[in-house]
Amino acid sequence: ANYLRELWGRYYDSSWATHSYSQADSIYAAAFSAAVKEITHEALPDTVFGWNVTLDGTDGDEGFRIDWDYASIANMMLYSLDGTGPMADLRVFSYDGAQDYLVEVPEPATMVLLGLGGAFGLLRRKKTAAK
């Protein structure tokens, strides 16, 4: 879990969710996705250098591997995880063990701003409806 938290804290870019990113950003998003998959589908190595997205290091069909040009970026991301990077506050949602969804919990200040924005929106609707 801490490897995922640090990977997210170091490399996740919220612009990936908005579809307003460059081709280079797209490559990093794909590499990030491969790194997440490596952490979640491979056996935990002795060191971070034991991870390699181009090799399936887990017996049976539970492992993961990719064969594409940007795998080195995913491996670089994995190799940087030393426990000293920023740690994201993550939650996992799953349905029947078949679909997992990883999300970051916003920090308290963001939650307050979202709440104020929602309250302002409700007040504005009431004023508009009263006219």
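This text follows the structure it describes.
Here's what I pulled together on the structure shown here. (Residues numbered from 1 in each chain as written. Predicted model: local features only at pLDDT ≥ 70, side-chain atom pairs only at ≥ 80, totals over all residues. Heavy atoms only, no water.)

Description of the overall build of the protein chain
Stage number 1. Scanning the protein chain for helices and strands turns up 4 helices and 2 strands.
Stage number 2. Across the 131 residues that make up the protein chain, the buried fraction comes to 26%.
Stage number 3. Long-range pairs, those at least 24 residues apart, make up 55% of the contacts in the protein chain between residues at least 6 apart in sequence. (Helix = DSSP H or I, 4+ residues; strand = E, 2+ residues; numbered from the N terminus. Buried < 20%, exposed > 50% of the residue type's maximum accessible area, 1.4 Å probe, protein only. Contact = heavy atoms within 4.5 Å.)

Considering the side chain of serine 15
Stage number 1. Position of serine 15 among the secondary structure elements: in the loop between α1 (2-11) and α2 (23-41).
Stage number 2. Residues within four places of serine 15 in sequence aside, it is in contact with Ser20 and Tyr21.

Let's talk about the environment of arginine 10
Stage number 1. Within the secondary structure layout, arginine 10 lies in helix α1.
Stage number 2. When its relative accessible area of 31% is taken as the criterion, arginine 10 is described as partly exposed.
Stage number 3. Separated by 78 residues in the primary sequence, arginine 10 and alanine 88 place their C-alpha atoms 8.6 Å from one another.
Stage number 4. When sequence neighbours within four positions are dropped, the list of residues in contact with arginine 10 reads Ser80, Leu81, Asp82, Thr84, Gly85 and Pro86.
Stage number 5. Reaching out from arginine 10, the side chain makes a polar contact with the side chain of aspartate 82 at a distance of 2.9 Å. (Polar contact = N/O pair within 3.5 Å; in protein donor to acceptor, adjacent residues only side chain to side chain.)

Considerations on α2
Stage number 1. Over its 19 residues, α2 extends 27 Å from the first C-alpha to the last, a length consistent with the 27 Å expected when each residue adds 1.5 Å.
Stage number 2. Those residues of α2 hidden inside the fold are in contact with α1 and α3 (71-79). (Expected span 1.5 Å × (residues − 1).)

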